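Chain and residue survey
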Amino acid sequence: MEFVVEMINIRKEFPGVVANDDITLQLKKGEIHALLGENGAGKSTLMGILFGMYQADRGVIKVDGKEVRIGNPNVANKLGIGMVHQHFKLVSNFTVTENIILGNEPTKGLVLSIGAAARRIEELSKRYGLNVDPHAKIEDISVGMQQRVEILKMLYRDAEVLILDEPSAVLTPHEIDELSKIMKNLIAEGKSIILITHKLKEIKAVANRCTVIRRGKTIGTVDVAETSQQKMAEMMVGRNVSFKVEKDASVPGEVVLQLEGLSVNNNKNSLGLKQLSLEVRAGEIVGIAGVDGNGQTELVEAITGLRKIQAGRILIQGDNIAHKSIRERIRKGVGHIPEDRHKRGMVLDYTLEENMILEVYNQPPFSKRGILNKLAIRKYASDILTSFDVRSGKGPLSMSRSLSGGNQQKAIIGREIELNPDLLIAVQPTRGLDVGSIEYIHKRLIEHRDKGKAVLLISLELDEILNVSDRVAVLNNGELVGVVKAAESNENEIGLMMAGIEKGGGA
Ligand SMILES: Nc1ncnc2c1ncn2[C@@H]1O[C@H](COP(=O)(O)OP(=O)(O)OP(=O)(O)O)[C@@H](O)[C@H]1O
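Criteria and thresholds
- Residues numbered from 1 in each chain as written.
- Predicted model: local features only at pLDDT ≥ 70, side-chain atom pairs only at ≥ 80, totals over all residues.
- Pairing = 2+ DSSP bridges.
- Helix = DSSP H or I, 4+ residues; strand = E, 2+ residues; numbered from the N terminus.
- Axes fitted to C-alpha atoms, helices over the stretch in contact; angles between N-to-C directions.
- Contact = placed C-beta atoms within 7 Å.
- Domains from an automatic or database assignment.
- Nonpolar A, V, L, I, M, F, W, Y, C, P; charged D, E, K, R; others polar.
- Near = placed C-beta within 6 Å.
- Expected span 1.5 Å × (residues − 1).
- Buried ≥ 20, exposed ≤ 12 C-beta atoms within 10 Å, placed from the backbone.
- Right-handed = clockwise from strand over helix to strand, strands pointing away.
- Core = buried A, V, L, I, M, F, W, Y, C linked by C-beta atoms within 7 Å.

Strands belonging to one sheet form pairs held by backbone hydrogen bonds; the direction of such a pair is parallel or antiparallel. Pairing in this open sheet of six strands is mixed, and the strands run β16-β19-β20-β13-β21-β22 from one edge to the other. Edge positions in the sheet fall to β16 (334-337) and β22 (479-485), since each has one partner strand and no second. Neighbour-to-neighbour, the strand axes of the sheet open up by a mean angle of 20 degrees, direction not taken into account. Two strands pair when backbone bridges link them, and strand β19 (residues 423-427) and strand β20 (residues 454-458) are joined in this way by five bridges, in the parallel orientation. Residue pairing across strands places A426 opposite L457, the latter belonging to β20. In this fold helix α9 (residues 296-304) packs onto β13 (285-289), β16, β19, β20 and β21 (471-476), with an angle of close to 145 degrees to the strand it touches most, β19. Helix α14 (residues 405-418) rests against β16 and β19 of the sheet, and its axis sits at about 170 degrees to β16.

What follows deals with the domain arrangement of the chain. In terms of domains, the chain is made up of domain 1 (3-237) and domain 2 (281-310 + 321-498). In terms of residue count, the dominant contributor to the side of domain 1 that touches domain 2 is helix α8 (residues 229-237) (three residues). Broken down by class, the residue content of the side of domain 1 that touches domain 2 amounts to eight nonpolar, seven polar and two charged.

Following P364, the chain continues to P365 via a peptide bond in cis, the omega torsion being 0 degrees. You can see P365 is positioned in the loop between α12 (352-356) and β17 (367-368).

The local shell around the ligand holds 20 residues, among which F14, N39, S44, S404 and G406 are the closest. Those elements giving two or more residues to the shell around the ligand turn out to be β2 (17-28), α1 (43-50) and α14. Of the residues that constitute the shell around the ligand, the class distribution is five nonpolar, 13 polar and two charged. Formed jointly, the shell around the ligand draws a minimum of three residues from each of two domains, domain 1 (3-237) and domain 2 (281-310 + 321-498).

Here we take up helix α15 (residues 435-450). Between its terminal C-alpha atoms α15 stretches 23 Å, which fits the 22 Å expected from 16 residues at 1.5 Å a residue. Of the residues flanking the end of α15, it is G452, one or two places downstream, whose phi is positive at about 90 degrees.

Okay, helix α13 (residues 374-387) next. Helix length check: α13 (14 residues) gives 20 Å between terminal C-alpha atoms against 20 Å at 1.5 Å per residue, within 8%. Packing partners of the buried residues in α13 comprise α12, β18 (371-372) and α14. Downstream of α13 by one or two residues, D389 has phi in the positive range, about 55 degrees.

Most of strand β8 (residues 192-196) sits out of view: four of its five residues are buried. Of the strand pairs in this sheet, strand β3 (residues 32-37) and β8 are connected by four bridges, and their pairing is parallel. The residue of β8 that forms the bridge with A34 is L195. Bridge analysis of strand β7 (residues 161-165) against β8 gives five bridges, and the strand direction is parallel. The partner of D165 across the bridge, within β8, is I196. For the handedness criterion, the β-α-β arrangement of β7, helix α6 (residues 173-188) and β8 is classed as right-handed.

By secondary structure assignment, the location of K247 is in the loop between α8 and β11 (255-265). On a C-alpha basis, the gap between K247 and E447 in space is 9.1 Å, while along the polypeptide they are 200 residues apart.

Attention now goes to the nonpolar core. Core analysis: the largest hydrophobic core is formed by 128 residues, its most contacted members being L50, L423, I425, L456, L457 and V472. No fewer than three residues from each of domain 1 (3-237) and domain 2 (281-310 + 321-498) sit in this core. With residues up to four places along the chain from it excluded, the contact list for L423 reads V256, L257, V280, I316, G333, V334, G335, A454 and L456.

Quick look at the pairing of β7 now. Most of β7 is tucked away, with five of its five residues classed as buried. The two faces of β7 match: V161, I163 and D165 on one face and L162 and L164 on the other face are all buried. In the sheet, strand β6 (residues 81-84) pairs with β7 via four bridges, with the strands oriented parallel. Each bridged residue has a counterpart across the sheet, and for G82 the counterpart in β7 is L162.

Below, the structure is given as structure tokens:
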């Protein structure tokens, strides 16, 4: 039997949108099959159907050649299908072993031995090169390790088919390499993988075949080795995509943000950012490069007012805002595209329209003497959603929760850029976005710069930092290693600086 899973002519409609329109996907045994599509193309919905979270309106699912009905995730598990979601479902004060056996305790009078479970987990971990300590507590291990626990959870339940939903979105470059190895180990042992990802490089590196969907329809399935990244991007977006960011040289003006000897504590009450001095001028984009956890969070939270500082000054156009409230900082012109869009970006149970005016609803024309001007709000929201190509079932009236992750992200970016802040702090702005959307967001960041605004870009993607920034500041262990001009630098130099090894020439 060539195919372990076949999804044939699947259709799924939500109010106002056909999320899956006659989609077919066939997974061969022992392959890594990438599922590629724009934000909102219908990938998560399709996998939700395979994992029993949604029921298809039409179509057939076969597992090992036999037609099946997958009414809920338990049925999926019994059929050997497991899924690692973007947001992990682990209990943080439980151990790895406790998390893995949770909900899978033996019934029928068997006594569960934690020791035996831990031994089996250790064995699986060794066999697939996962390197997980069964006795570690979830809260003490990295995000990358937590993801491996999710993978182990599936293996422990004897999953043969593994669905990974954008697994690399939360990982550092080194962890991504490790994950690639793990995926290869898995298929070498006969497992089959469906990999949802927006990263074409990653598809090239690990996948055997790739199915592309666009606006709910199958565009085709290709052999990855024979297909260029450009071709896959074109299939996905339906037009030519430029990977190169077009921009003129920057014309920096006055200093907008000046950091002087900024020291900030991390969550462990020691210094996460040490004596940082840096300036960002009007008309320039300064990128912050660094391995995750080297002071980026402390920096962003200190400037936006989410975290107290230990020492130093934060000047916006000459005024020290270091001890001002968040609201005052927004009024001073600080805009923020946050890293965690669920926690800080959007209220998921508000409509899109309500989310678009979160920061301005109490100002004219949206509100006059306490009365909301619905028409003005609708127009303002619709304009943002159109220009940022936010796709949703009911437009401004859609519940924010119903949007695909990438479309939520585009809406937040649109809202923040629309406020036209003098200093825009963009943290991982394109994480989870498809290549077409990335191209657009980069263009808008550069437009913002060209309007004479200052942009501070924090990203773990070196490509993005180098392509979009004018100057790059590199952080290592909370300290500024150096600042270089992006046009005169390269991945190698910045990579070394990120490791704290070499200083740039100064820019
Ligand atoms: N529970 C739901 N209720 C209403 N609409 C939904 C629901 N889930 C998804 N949709 C809509 O279905 C479409 C497909 O969404 P889906 O999440 O499957 O896209 P995706 O390809 O996974 O996107 P992304 O890459 O951004 O995660 C979107 O237009 C989305 O707004």
